[in-house]
Amino acid sequence: GFASPSTVSTNKVWTLPAVDGSASQYLQTNGSGVLTWASVSVGGSTGIDFNDDVKVRFGTNNDLEIYHANSGTNNYIAQSAGNLNINNTGGPVYFRGTVLSLLASDGSETMGTFTFGGSVDLYFDNSKKLETTNTGVSITGALTVSTNVTVTGDLTVSGTTTTINTQT
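Please read all numbers here as calculations on a predicted model, not as lab measurements.

A.B. asks: An account of the sheet that holds strand β8 (residues 120-124) is requested, with residue identities and associated values reported.
C.D. replies: Reading across from one edge, β6-β7-β8-β9-β10 is the order of the 5 strands in this open sheet, with antiparallel pairing throughout. The sheet is open, and its two edges are formed by β6 (99-103) and β10 (137-139), each paired on a single side. Within this sheet the neighbouring strands show an average axis-to-axis angle of 15 degrees, counted without direction. As defined by bridge partners, strand β7 (residues 110-115) adjoins β8 across 3 bridges and the pair is classed as antiparallel. Note on β8: the bridge partner recorded for T113 is D121.

A.B. asks: Account for the layout of surface pockets, with residues named and values stated.
C.D. replies: In this structure, the largest pocket encloses a volume near 1100 Å³. In terms of lining residues, the largest pocket is bounded by 28 residues, among which N75, Y76, I77, L100 and S101 are the most central. Those elements that place two or more of their residues in the lining of the largest pocket are β4 (64-68), β5 (75-79) and β6. Across the lining of the largest pocket, the residue classes tally to 16 nonpolar, 10 polar and 2 charged.

The rules we used
Residues numbered from 1 in each chain as written. Predicted model: local features only at pLDDT ≥ 70, side-chain atom pairs only at ≥ 80, totals over all residues. Heavy atoms only, no water. Pairing = 2+ DSSP bridges. Helix = DSSP H or I, 4+ residues; strand = E, 2+ residues; numbered from the N terminus. Axes fitted to C-alpha atoms, helices over the stretch in contact; angles between N-to-C directions. 1 Å grid on protein atoms, 1.4 Å probe; cavity = no way out; pocket = protein on both sides within 12 Å on 5 of 7 lines; lining within 4 Å. Points joined across faces, edges and corners; volume = space filled by probe spheres on them. Nonpolar A, V, L, I, M, F, W, Y, C, P; charged D, E, K, R; others polar.

Printed below as a string of structure tokens:
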């Protein structure tokens, strides 16, 4: 049975549904004491809103998290195990923002940054190695090419030693 709490000054009648609910359903009230079985509905046409720093977690061990950090304007997709795969199964993959950064799982190293209207930067062990610029590409470190290279413009070689091994 049901008993009214002591804060209810008059008797209250709750009308129970005529049949049992299904697994994972709950009793829902219409505010006038009529109870019905209802299923949990998430999202719908209005979506789901979460407060800052509240994480949506996926996987048995919460291996994947998506959240917005209140300490700034940054949003995160954090993964603690396995690989993060972004699959295009029939349409484009969109990102809306000014900078997309790919970081190590603990956030300690940058692997790449993609800046809207700006550069694409690729890193090795947190050290920038390739950067696109408004005039081309800038490479820091050695460049190894395993096949042919065709230069259609001028070639300038700077340095103290230039070695050319060729048959022609």
